[in-house]
Amino acid sequence: MFIDLSASDTGQVGLEMYHLISELYPICRSITGNGVRKSLHILQKFIPLEIHEVPTGMKVFDWTVPKEWNIRDAYVKNSRGEKVIDFQLSNLHLLNYSIPIHKKLPLAELKEHLYTLPEAPDWIPYRTSYYKENWGFCLSHNALENLEEGEYEVYIDSSLQDGHLTYGEYYLPGETEDEVLFSCHICHPSLCNDNLSGMALATFLAKRLTLQPRRYSYRFLFIPGTIGSITWLCLNKNITHNIRHGLVISGVGDKGEITYKRSRHGNAEIDQAVTHILKHLGEKYRIEEFSPYGYDERQYCSPGFNLPVGRLTRTPFGKYEEYHTSADNLEFVSSKHLENSWIVYLAVIDVLENSRIYNSKNPMCEPQLGKRGLYGMLGGEQDKKDIEMAMLWVLNLSDGTHTLLDIANRAGISFEMVTRATTALLQVGLLQK
Amino acid sequence: MFIDLSASDTGQVGLEMYHLISELYPICRSITGNGVRKSLHILQKFIPLEIHEVPTGMKVFDWTVPKEWNIRDAYVKNSRGEKVIDFQLSNLHLLNYSIPIHKKLPLAELKEHLYTLPEAPDWIPYRTSYYKENWGFCLSHNALENLEEGEYEVYIDSSLQDGHLTYGEYYLPGETEDEVLFSCHICHPSLCNDNLSGMALATFLAKRLTLQPRRYSYRFLFIPGTIGSITWLCLNKNITHNIRHGLVISGVGDKGEITYKRSRHGNAEIDQAVTHILKHLGEKYRIEEFSPYGYDERQYCSPGFNLPVGRLTRTPFGKYEEYHTSADNLEFVSSKHLENSWIVYLAVIDVLENSRIYNSKNPMCEPQLGKRGLYGMLGGEQDKKDIEMAMLWVLNLSDGTHTLLDIANRAGISFEMVTRATTALLQVGLLQK
Amino acid sequence: MFIDLSASDTGQVGLEMYHLISELYPICRSITGNGVRKSLHILQKFIPLEIHEVPTGMKVFDWTVPKEWNIRDAYVKNSRGEKVIDFQLSNLHLLNYSIPIHKKLPLAELKEHLYTLPEAPDWIPYRTSYYKENWGFCLSHNALENLEEGEYEVYIDSSLQDGHLTYGEYYLPGETEDEVLFSCHICHPSLCNDNLSGMALATFLAKRLTLQPRRYSYRFLFIPGTIGSITWLCLNKNITHNIRHGLVISGVGDKGEITYKRSRHGNAEIDQAVTHILKHLGEKYRIEEFSPYGYDERQYCSPGFNLPVGRLTRTPFGKYEEYHTSADNLEFVSSKHLENSWIVYLAVIDVLENSRIYNSKNPMCEPQLGKRGLYGMLGGEQDKKDIEMAMLWVLNLSDGTHTLLDIANRAGISFEMVTRATTALLQVGLLQK
């Protein structure tokens, strides 16, 4: 069941992910509300996602499920009645979770509710105020500077009231109850890399995994950041012991180098698997140690759970200037990089699925490979040498204590090569589970 | 009970230490005798030191307490009756532990008892002969070369007879019997860095510790080198199991960089505490691995005791040319560097006192810091971020297995910042012991 | 029983080894046959080697002892009856294990059985076909290019029939049954470094060890590569538990730097001993991690045995262009480098023999070295300091858990210095076993 990754690299999946991102882009999402529901319904066209609704006010550990926020329209008009800020043009213009308001006020007072990015004067920043009632608008710094003195009309047609927190979940059973968790946040409005890219990758990863036999069960979570993972963990704390490996998926569409942040454990099997794949990828990459700041790995790696969950992104959040601005748009992500990320995730899954422990049936001295046709069995000269070397390593270390990943790491060769060697040795009966 | 180190840095303590050194400087100390007694009496003006007298001839492990040596006067006169070497001008002129003598002898014979430093011709070397009866004089090489042919009168009015070995001890009880040992040697005559600086620092450290609550008990030893620590260990071998941490104090007044020599254990808590403080000091420093050569850590770290005792100095002995010469004088040490060393010792004590293990009361997912006013609670932007990050680290790692020092080291932040975060979290009830 | 290695470095042993190589060089060896027997008889002039004969067809683990091959003569004649390839001039000319043949054939057909080295056109390559019946000749590429069109007469007077596999074994008993294994392969024809050098070194090492008391027993194996070690392991699998340390000896006569390949264990005592000696050798050297490719360490380190056997060579096989060619001749090895290798082997044995665990009789504080005359007991100033430091280390770490090699490594001083210190301390009764 080894995945031939090179064959996957057709560009087709990348285009489909990009297309999905384009469809999701205009929707105004938040940590609750209809934007999230609409987005999850779109994902259901690809995978049979279950949609959960958790009522406002439910206690989830130290937190409370917030009121549901919905937005219909919002603008600011100048004294001539012209819309100088218009939610319909970009949902980033509105401070996310703004309470309803409709009033007139002078520029000076309005300015206390305006947010800009002076260092990037053309871009609209993305701001939220989930846990403190407030209203406001975000706009480019240039637009701010063009505002004339005078009275402005502010209109926000939103609602903030008891309702639900909505999240999606897709559980794909495998041979065992041991599971691999993939989690992405879905609460950001028109931002592509953060995190429509993660939603798209998770969707197409899930779709792909339905097509293959699975040793592990797989669980995909599509949740609002922080409050979503806390809610899910609270509702599911009795099943988290099944989670053997996990990854937080985010920021997988930009052109930056792939970056892995280790789990709190630091050297869990997921950490070993990802770092192995990155090492043999032939591209630049970065490994970060765990820290308790970041995305939802903060919750999965809190001490009471301490799940082996890392985070696999391209450029990490906050390390690119387009982060949390209107410049994180459809031009900032590409089908090429989405597909490259998707392939890396598949390669990691391949390691998890196949890194078993075998036993050599001939532990005393080497078995005679020649008489079984295992020398020179493959094409090119170098490839022949590599596969022979890999067979010797697998035979030498298959003593009931080394996984195939351990063998690949000690030998300094790729897991793929070790898998090929293992397959050949299994075929001639030199290995057993 | 966190020590605000910056507030201590007033220069006042440094001046007091320097003043104490000046008072002790003229006294001729040795491993026994009245010079030691007089010095300890001076220290009693600052701390209620207990003075112990151990009789000559007592067996202490493989050693024997030596005869007591006292010196009144010594000189060498030339044939014209002029004093060409005079103990009254510098007690370094006399070979320490010289037996009494009064006789005339020609220059050639005298020279067999003269010691100089040709490579530093202005300086008087410091020499001893504790365990082999001998007499001699030390002088500058220039002075030696000026000696004319002729007969000389040698006069040493010393006594070497049964008496006592004298040492000082100050035990400062704390909440527990677990103790921290500070040991300095007191046997050197007019040498400032080695080790009047150590005596002064130990005295003012003890004085300071009387003013604060103490989790640990503290023991300060003022002992002659080697024979003193061996004697103390022999007399107190039944209480050494209380010693949790220890430092040998010496050479703390010169301008060189702070140098820590690890205990035999290599990574004991004292080693971790000192290296942490030095790493975050913002000054150059050096770490040395343990070796069985040096000051009294040789005895504390002998295999039968193997106490977690390191050595914290500025430039290590033998690594500065003034070492064991008349140039290790009142100009070689400064109040500024004495105080800087004292602060480093206090910072280490602060780590030892406060590096406890806590438990997060909300181990499952993060507690909500915002609703407790813990976000943005402090002044500057950077400081705010640093303290928030420190709070996240303390919450994430306070799982009953990590000390605060472990947390600081894993997070790569200062113990001080971790302590501030811990204090804030304790105040709002998010942590428990 | 410390070996004074400097005294051994007389050049005499190197000359004797070189002489032995010269005597063995013309013989055509293979993995079986009379060439091996003749070679072992020559070694019996130096050590009382036992010669074992194992019959063709015996199953040895996954392998079968092959038919015995013997060769009397072989040549290729051109149409004018001139010998253009002549086994009598170099036994490398014949594909080793060639079946008998006598026929005429045109050049084009002959060429399918000819092997050359185009990249080194003057040299004859060394080729074998042990496990697939075949015939062939090896020759320089220049000679190949001079062959004219026409008919050639091929004549190989060999036999390949049931017989025996022959190997030599020398067991030198010591104080205990714990043994050190030295293994060299003896199957190569006229090749000096690979592996007449190994045969000569093993022989003279064995000869030397008969002259000294031995804590360990020593076993020397002179075996054909791969099939020889597999056969020996199969016949002796019940005694391999006695093997505490082992080395595969090969390629020890060239001028390249000494190279050690670690055992599968990676940090067994043999690995520590060899790396220690190389570190303190004062010459460049290389350390390689274990891999399951190479000489007979492949079999000794197969998972069912996992013996602590490393490989100690000069330039490793395959890393010099003369490897497996006629250029690996008597000029490629030298008595100087043979003797240098021999001394390194002796130094390693010295560590193995002497790296015991001692206990200080005075574990509490240092014993007084001065009263036992242990200060300044030796010649030069630096040497005196070094030996005193070594004594302090041995006393400090002789706590029943550190071997002398552990002490040397932690102290960063040579095992030789530690041994000298230990001897001095034993003499005055400060240490016990």
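The shown structure was predicted, so the numbers you read here are calculated from the model rather than taken from an experiment.

Structural notes on the relation of the copies chain A and chain B
The transform that puts chain A on chain B rotates by 120° and translates by 0.0 Å along the axis, for an RMSD of 0.1 Å. The relationship between the two copies is best expressed as a three-fold rotation axis. By C-alpha distance to the rotation axis, the residue of chain A lying nearest is asparagine 267 of chain A, at 13 Å.

Things to note about helix H13 (residues 415–427) of chain B
Residue and element names in this part refer to chain B. Along its 13 residues, H13 runs 18 Å from first to last C-alpha, staying within 8% of the 18 Å computed at 1.5 Å per residue. Listed as buried for H13 are Phe415, Met417, Val418, Thr419, Ala421, Thr422, Ala424 and Leu425. Taken from the residues just after H13, glycine 429 is the one with a positive phi, measuring 80°.

Regarding the packing of aromatic side chains
Inspection of every chain in the model, using the stated rule, returns 54 aromatic pairs over all chains. When the centroid spacing of 5.9 Å and the interplanar angle of 45° are considered together, the rings of phenylalanine 317 of chain C and tyrosine 323 of chain C count as tilted. Site record: aromatic cluster; members linked through ring pairs are Tyr293, Tyr295, Phe317, Tyr320, Tyr323 and Phe332 of chain A.

Notes on the sheet that holds strand S18 (residues 399–403) of chain C
Residues and elements named next belong to chain C. The strand order across the open sheet formed by 3 strands is S18-S17-S19, and the pairing between neighbours is antiparallel. In this open sheet, the two strands that pair with only one neighbour each are S18 and strand S19 (431–432). Contacting strand S17 (357–360) and S18, helix H12 (residues 404–411) runs over the sheet at an angle of about 70° to S18.

What to know about the pattern of salt bridges
Overall, the coordinates contain 63 salt bridges over all chains when judged by the stated rule. Between lysine 371 of chain A and aspartate 62 of chain C there is a salt bridge; the shortest N-O distance is 3.6 Å. Of this pair, lysine 371 of chain A sits in the loop between strand S17 (357–360) and helix H11 (381–397) while aspartate 62 of chain C sits in the loop between strand S2 (59–60) and strand S3 (63–64), placing the two residues on different chains. Across the pair arginine 37 of chain B and glutamate 68 of chain B runs a salt bridge whose closest N-O atoms are separated by 2.9 Å. With a gap of 31 residues between them, arginine 37 of chain B in helix H3 (residues 34–43) and glutamate 68 of chain B in strand S4 (residues 68–77) connect regions that are remote in the sequence.

Details of the side chain of glutamine 299 of chain C
Its location among the elements puts glutamine 299 of chain C in helix H9 (residues 297–300). One polar contact links the side chain of glutamine 299 of chain C to the main-chain amide nitrogen of glutamate 366 of chain A, over a distance of 2.9 Å.

Remarks on the interface of chain A and chain B
On the chain B side, the residues contacting the 20 residues of chain A number 19 residues. Where chain A abuts chain B, roughly 1700 Å² becomes buried across the two surfaces, and 54% of that area is made up of carbon and sulfur atoms. When the buried surface of chain A facing chain B is broken down by residue, Asp62, Arg264 and Pro292 of chain A rank first, second and third, together holding 37% of it. Elements that contribute at least two residues to the side of chain A that touches chain B include exactly helix H7 (227–235) and helix H9 (297–300) of chain A. Tallied by class, residues from the side of chain A that touches chain B come to 11 nonpolar, 5 polar and 4 charged.

With respect to the interface of chain A and chain C
With 19 residues of chain A in contact, the opposing surface of chain C contributes 20 residues. Summing the contributions of chain A and of chain C, the shared interface buries around 1700 Å²; its carbon and sulfur component is 54%. Area buried by chain A at its contact with chain C is led by Met364, Cys365 and Glu366 of chain A, which between them contribute 37% of it. The interface formed by chain A and chain C includes 4 salt bridges. When the shortest N-O distance is used, the salt bridge between aspartate 399 of chain A and arginine 264 of chain C registers 2.9 Å. Listing elements by their share of the side of chain A that touches chain C, those giving two or more residues are H11 and strand S18 (399–403) of chain A. Among the residues making up the side of chain A that touches chain C, the classes are represented as 10 nonpolar, 4 polar and 5 charged.

Remarks on the sheet that holds strand S9 (residues 151–161) of chain C
Residues and elements named next belong to chain C. The 4 strands lie next to each other as S5-S4-S9-S6, forming an open sheet whose pairing is antiparallel. The open sheet has two free edges, formed respectively by strand S5 (83–86) and strand S6 (101–106), since each of these has just one partner strand. Taken over all neighbouring pairs, the strand axes of this sheet differ in orientation by 20° on average, direction set aside. Across 6 bridges, the pairing between S6 and S9 is antiparallel. If you follow leucine 105 over to S9, its bridge partner there is tyrosine 152.

Looking at the environment of isoleucine 230 of chain B
Position of isoleucine 230 of chain B among the secondary structure elements: in helix H7 (residues 227–235). For isoleucine 230 of chain B, a relative accessible area of 0% puts it in the buried group. For the pair isoleucine 230 of chain B and phenylalanine 61 of chain B, spaced 169 residues apart in sequence, the C-alpha separation works out to 7.4 Å. Discounting residues that sit within four places of it in the chain, isoleucine 230 of chain B has contacts with Val60, Phe61, Trp63 and Gln299 of chain B together with Cys365 of chain C.

Focus: the packing of H12 of chain C against helix H13 (residues 415–427) of chain C
Any two packed helices are characterised by how steeply their axes cross, that is the angle between the axes, and by the distance between the axes. Residue and element names in this part refer to chain C. Relative to each other, H12 and H13 sit at 120°, their axes nearing to 9 Å. Looking at the two axes, H12 sits oblique to H13. With respect to the hand of their crossing, H12 and H13 are arranged in right-handed fashion. Contacts from Leu404, Leu405 and Ala408 of H12 reach H13 at Phe415, Val418 and Thr422. Considering only residue class, the contact of H12 with H13 consists of 5 nonpolar, 1 polar and no charged.

Examining unusual backbone geometry
Looking along the chain, the bond that leaves aspartate 194 of chain A and enters asparagine 195 of chain A is cis, with omega of 15°. With a phi angle near 65°, cysteine 365 of chain A is a residue other than glycine that sits in the positive phi range. For cysteine 365 of chain A, a relative accessible area of 1% corresponds to the buried category. Despite not being glycine, asparagine 306 of chain C has its phi angle at roughly 50°, a positive value. Take asparagine 306 of chain C: it is sitting in the loop between H9 and strand S16 (309–313). The class for asparagine 306 of chain C is partly exposed, based on a relative accessible area of 33%.

Things to note about the domain arrangement of chain A
Residues and elements named next belong to chain A. Per the domain assignment, the segments making up chain A are domain 1 (9–66 + 164–354), domain 2 (68–161) and domain 3 (357–432). Here domain 1 and domain 3 have C-alpha centroids that lie 35 Å from each other. Domain 1 puts 8 residues into the contact, and the matching count from domain 3 is 9 residues. Counting each side, the surface lost to burial between domain 1 and domain 3 is near 710 Å², with a carbon and sulfur contribution of 62%. Of all residues in domain 1, His276, His280 and Asn354 bury the most surface against domain 3, accounting for 57% of the area lost on that side. The interface formed by domain 1 and domain 3 contains 0 salt bridges. Our count for the contact surface shared by domain 1 and domain 3 stands at 2 residue pairs in polar contact (both at pLDDT 80 or more). Mapped onto the side of domain 1 that touches domain 3, the elements with two or more residues apiece are helix H8 (269–279) and helix H10 (335–354).

Notes on the pairing of strand S13 (residues 243–249) of chain A
All names here are of chain A. With 6 of 7 residues buried, S13 lies mostly within the body of the structure. Sheet analysis places strand S11 (residues 179–185) next to S13, joined by 5 bridges and oriented parallel. Opposite glutamate 179, over in S13, you have isoleucine 243 as the bridge partner. Both S13 and strand S16 (residues 309–313) contribute to a ladder of 4 bridges, which runs parallel. Its bridge partner being in S16, isoleucine 249 is matched across the sheet by leucine 312.

Reading the values: the criteria
- Residues numbered from 1 in each chain as written.
- Chains lettered and ligands numbered in written order.
- Predicted model: local features only at pLDDT ≥ 70, side-chain atom pairs only at ≥ 80, totals over all residues.
- Heavy atoms only, no water.
- Least-squares fit on C-alpha atoms with pLDDT ≥ 70 in both.
- Helix = DSSP H or I, 4+ residues; strand = E, 2+ residues; numbered from the N terminus.
- Expected span 1.5 Å × (residues − 1).
- Buried < 20%, exposed > 50% of the residue type's maximum accessible area, 1.4 Å probe, protein only.
- Phe/Tyr/Trp six-rings, centres within 6.5 Å; stacked < 30°, edge-to-face > 60°.
- Pairing = 2+ DSSP bridges.
- Contact = heavy atoms within 4.5 Å.
- Axes fitted to C-alpha atoms, helices over the stretch in contact; angles between N-to-C directions.
- Salt bridge = Lys/Arg side-chain N within 4 Å of Asp/Glu carboxyl O.
- Polar contact = N/O pair within 3.5 Å; in protein donor to acceptor, adjacent residues only side chain to side chain.
- Buried area = accessible area lost by both parts, 1.4 Å probe.
- Nonpolar A, V, L, I, M, F, W, Y, C, P; charged D, E, K, R; others polar.
- Parallel < 35°, antiparallel > 145°, perpendicular 65-115°, else oblique.
- Left-handed = near helix turned anticlockwise from the far one by under 90°.
- Domains from an automatic or database assignment.

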